[in-house]
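# Architecture at a glance
Chain by chain, the residues:
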Amino acid sequence: MSQVLDSKVPSGDLADKWTQYKFDLKLVNPANRRKFKVIVVGTGLAGSSAAASLAEMGYQVHAFCIHDSPRRAHSIAAQGGINAAKNYKNDGDSVYRLFYDTIKGGDYRSREANVHRLAEVSRNIIDQCVAQGVPFAREYGGLLANRSFGGAQVSRTFYARGQTGQQLLLGAYSALMRQVHTGGVTMHTRQEMLELVTVDGVARGIITRNLITGELERHSADAVLLCTGGYGNVFFLSTNAKASNVTAAWRAHKRGAFFANPCYTQIHPTCIPVSGSHQSKLTLMSESLRNDGRVWVPKKEGDQRKAADIPDAERDYYLERKYPSFGNLVPRDVASRNAKQVCDEGRGVGATGMAVYLDFADAIARDGKAAIAARYGNLFEMYERITDEDPYKVPMRIFPAVHYTMGGLWVDYNLESTVPGLFVLGEANFSDHGANRLGASALMQGLADGYFVVPSTIAAHLAGRTLPPVNPQDPAFAAAENDARERTEKLLSVGGNRSAFEMHRELGQICWDYCGMSRNAQGLQTALGKIRDLREAFWNDLKLPGSGSELNQSLEHAGRVADFMEFAELKVTDALHREESCGGHFREEHQTPENEAKRNDEDFSYVAAWEYEGPGKAETLHKEDLIFDNVKLTTRSYK
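Predicted model only: the values in this text are computed from it and were never measured. (Residues numbered from 1 in each chain as written. Predicted model: local features only at pLDDT ≥ 70, side-chain atom pairs only at ≥ 80, totals over all residues. Heavy atoms only, no water.)

This part takes up the side chain of Asn210. Relative to the helices and strands, Asn210 is located in strand β7 (residues 202-210). In this structure Asn210 touches Arg190, Gln191, Glu215 and Glu217, once residues within four positions along its chain are discounted. (Helix = DSSP H or I, 4+ residues; strand = E, 2+ residues; numbered from the N terminus. Contact = heavy atoms within 4.5 Å.)

Structural data, given as C-alpha cells:
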C-alpha cells in the first residue's frame, strides 16, 4: 500500500528554513558525542568530509573504503569545478540565482528546500577548502578565479585547473587522516559492504567482505551513513571508475530504504567517443572545455573531409545556432540530445560517425596557446594520450556518455532514508538535482552534505530516539551475515560458461539502447524482457574461478553485476511509468515540435520512491509531491 512520505521540510520562508531548522534541532552534548559510534561507508568527497567532520565533533567514527586509500575515490574524476554563490565576478550571482538555476536545470523535479540549502552552504564550502589549502585558480591580483558552466549565465565555478575533484578530495582526505591520526576515525580499507543490519527497524550496522582475505565481518553502530556514489556502471560503459557500483544502496533498498527516481541518469555530452568493443570504461572531457571550445559538425550529411578542410561556411555550430543565449554552455541533457540528433542525421564525424567536434582554434587565435594550456593543459594532454591527436592542432572528437545519476535512495530534509538511522549523502541520494544535474554541482553537493548538513541533522536521530546497546553478536547480525554468505556461495556454485564481465557488457548495452539518451514505451517493454532473460541466464550460466575465502576480484565483480541485474529492472520500470520527458529522462512520445523535453506537471510533479516487496514481486510506488512556492513551473528555455 502506498504511503505518504514525510520530507520533514520545515515551514517558514525559504531563505530562513535551514537556519531556523538547525536552531530547532536537538543537540548532542559534546561530552556525550564520544558515546555514539557512527559508520561511514565510502570515502569519496561526501564520505571523507562527513567522517572528518563528525570525528572533529567528538563522535566515534568508523570509515569503510573499498580501495586501499580514500585517494582512489571516483570523486577525483570531477575535473571542471565546484559551484558557489560568491558573486566574485559581480555579474549578478546570488544564493537565490544558484537555487533557481539548479531547480530549472533539474527541470523542476527537485525539492525546493534542499536545493536552497545547498546554494546557501555553497559559500562556506569554498572557505573551508581554501583553509585546507586547496589550490584553486586565482586571478592576477590573488583573488579566486571563476569560470562558467552549462546552465548558467554567470561565472560561479571555482576550479583547480582541470583536476578540481582531485584537489578537493586531497583536502577532505587530509582532514580525514588528521582524525585517523588523533584516533577519532578508525579506517577500514579494502572492505565492501554486503548487507545493512537493522535491529527493531533501525539501522545499527553493516556486514562487509574483506577484499583481501574474503572474510565476512560484522560492524555495529548507532548510525550508518552511505556515501557510496551512483549506479552509472549499470550501463557497463560509463565515465565512472570501474569499482563504482550499486551494491551498498541496493542492499539497503532490500532492507527497507526506498529508491527514488532511478530512471534519472545524466548523459555527459563531452566524453571521448567509444572506439571499439575492447573498452571497459569511457573517459570524460570536462564540461569546462565548452567555455572556450566550439561544438560543430559539417552541414552536409556524410562529409568525410578532415576538419581543417571544411570551411567555416560549411560548418554547423548547432548549439550556438539553436540556443543563442547559452550557446555551447547549455545544460548537459540538452547538449547530449542535440549531439545524438546531428549524428542520427548522418552528420557525425570520425570513423564511427558517432562524434561531434569540440574546436579550440578560435580560442587559441584569440587568447594564445599558452592561455588555453594554463586553463586546460592536463585535459588536452589526457586527450592526446588516449587518441594520439593533438587538440591544439585538430578539434577534439566528443560524444555523450553515461556520467552521473540523479536518482538514488530517498532521503528527507535530514538526509535520512526510510530506514531510521540510515543517512545517505552525495550521489547515493536523490535529493538535489531533479532530472538533470548542472555541471560543477556534484562536488558541491558531496561536500555540502558531509561538511555542513549531516553534522547537524544526525542529532535528530542520535538525540531524538532511544537507541539500546547493540553488538555484533546480536542475532540480526548473524542473520545478515548468513544472507551475504549464502549469496556468495550461490554465485560460486553456478558452474556455467559465461563470465560476469561478458554479461555485464550485455546488460549495459540493453540499458543504453532502450533506456539511454532517449526512451519509448515499446523499447522499455522490450528492455524489461531482455533484462529478465539475461538475469536468468546469469544465475544459470555464470562461470566464476576461485573461492570466497581469498582475494577474488571476479567474485567481487559478479556480486555487483548480480545487483545491477536486479536494479536495471527497477530503473526501466521507473522510466516506463513516468509518462513525460524531463531533463535526462527523454521519452520520445513526449516532446515539443522543436524536439525539446515536454513535462507533464499535472500528473508527474512528484518524486517516485520505490519500495522493495520481496524476490519476484513488483515494487510498490510511493510519491512525494513536489511543491513549488518560490519558483514558477515553466517550460525550460535556453534560447
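This brings us to the pattern of salt bridges. Overall, the coordinates contain 51 salt bridges when judged by the stated rule. Of the charged contacts in the structure, one is a salt bridge between Lys254 and Glu566, with a shortest N-O distance of 2.9 Å. With Lys254 in the loop between α7 (247-253) and β10 (259-260) and Glu566 in helix α16 (residues 553-577), this residue pair connects regions lying 312 residues apart in the sequence. Residue Glu566 is classed as partly exposed on the basis of its relative accessible area, which comes to 25%. (Salt bridge = Lys/Arg side-chain N within 4 Å of Asp/Glu carboxyl O. Buried < 20%, exposed > 50% of the residue type's maximum accessible area, 1.4 Å probe, protein only.)

Next up on the list: the sheet that holds strand β14 (residues 356-359). As summarised here, the arrangement of the five strands in space is β11-β15-β14-β12-β13, forming an open sheet in which the pairing is antiparallel. Each edge of the open sheet carries a strand with a single partner, namely β11 (265-271) and β13 (315-316). (Pairing = 2+ DSSP bridges.)

Right, let's talk about the packing of aromatic side chains for a bit. Inspection of every chain in the model, using the stated rule, returns 24 aromatic pairs. A centroid spacing of 6.5 Å and a plane angle of 25° characterise the contact between Trp18 and Tyr21, whose relative ring orientation is stacked. Remark: Tyr21 and Trp18 occur in helix α1 (residues 17-24); sequence separation between them is three residues, near one turn of the helix. Of the two residues examined, Trp18 and Tyr21, each falls in the buried class. Where Phe326 meets Tyr638, the ring centres are 4.8 Å apart and the plane angle is 85°; that geometry is what we call edge-to-face. Residue Phe326 is located in the loop between α8 (318-322) and α9 (332-344), and its partner Tyr638 is located in the segment after β19 (620-625); the two are separated by 312 residues in the primary sequence. The residues Phe326 and Tyr638 share a single accessibility class, namely buried. In textbook terms, an aromatic cluster arises when at least three aromatic residues are bridged by ring pairs, as seen for Tyr231, Trp250, Phe259 and Phe567. The aromatic ring of Tyr392 is capped on one face by Lys369, whose charged end is 4.8 Å from the ring centroid. (Phe/Tyr/Trp six-rings, centres within 6.5 Å; stacked < 30°, edge-to-face > 60°. Lys NZ or Arg CZ within 6 Å of the ring centre and 35° of its normal.)

With that settled, the discussion passes to helix α11 (residues 369-387). Turn by turn, an α-helix covers 3.6 residues, leaving residues three or four places apart pointing in a common direction. The terminal C-alpha atoms of α11, which comprises 19 residues, lie only 20 Å apart, well short of the 27 Å expected from a rise of 1.5 Å per residue. Of all the bends found along α11, the most pronounced is centred on Tyr376 and spans about 85°. Of the positions making up α11, those classed as buried are Ile372, Tyr376, Gly377, Asn378, Leu379, Phe380, Tyr383 and Thr387. Check the buried side of α11 and you find it contacts α10 (361-367) and β15 (396-405). A positive backbone phi angle near 60° is found at Asp388, which sits one or two residues after α11. (Expected span 1.5 Å × (residues − 1). Bend = angle between axes of the 7 residues up to and from the residue.)

Taken together, the three strands give an open sheet; going across it, the order is β6-β7-β8, and neighbouring strands pair in antiparallel fashion. Each edge of the open sheet is held by one strand with a lone partner, namely β6 (191-199) and β8 (216-220). Averaged over all pairs of adjacent strands, the angle between their axes in this sheet comes to 25°, without regard to strand direction. Alignment of β6 against β7, held across eight bridges, turns out to be antiparallel. Counted as the bridge partner of Thr198 is Ala203 from β7. (Axes fitted to C-alpha atoms, helices over the stretch in contact; angles between N-to-C directions.)

Turning next to the state of the cysteines. Here, the word disulfide means a covalent bond between the sulfur atoms of two cysteines. Taken as a whole, this structure holds zero disulfides when the rule is applied. In this structure Cys227 is not part of a disulfide, and its nearest cysteine sulfur, from Cys65, lies 12 Å away. Unpaired in terms of disulfides, Cys582 finds its nearest cysteine sulfur in Cys263, a separation of 6.6 Å. (Disulfide = S-S within 2.5 Å.)

This paragraph deals with the domain arrangement of the chain. Considered domain by domain, the chain is made up of domain 1 (268-401) and domain 2 (475-610). Taken together, the contact between domain 1 and domain 2 spans 13 residues of the former and 11 residues of the latter. For the pair domain 1 and domain 2, the two sides together bury roughly 860 Å², of which 54% comes from carbon and sulfur. A per-residue breakdown of the area domain 1 buries against domain 2 is headed by Asp333, Arg337 and Lys340, which together make up 48% of the total. Where domain 1 meets domain 2, there are zero salt bridges. Applying the counting rule to domain 1 against domain 2 returns four residue pairs in polar contact (both at pLDDT 80 or more). Looking at the side of domain 1 that touches domain 2 element by element, the count peaks at five residues for α9. Looking at the side of domain 1 that touches domain 2 residue by residue, the classes come out as four nonpolar, six polar and three charged. (Domains from an automatic or database assignment. Buried area = accessible area lost by both parts, 1.4 Å probe. Polar contact = N/O pair within 3.5 Å; in protein donor to acceptor, adjacent residues only side chain to side chain. Nonpolar A, V, L, I, M, F, W, Y, C, P; charged D, E, K, R; others polar.)

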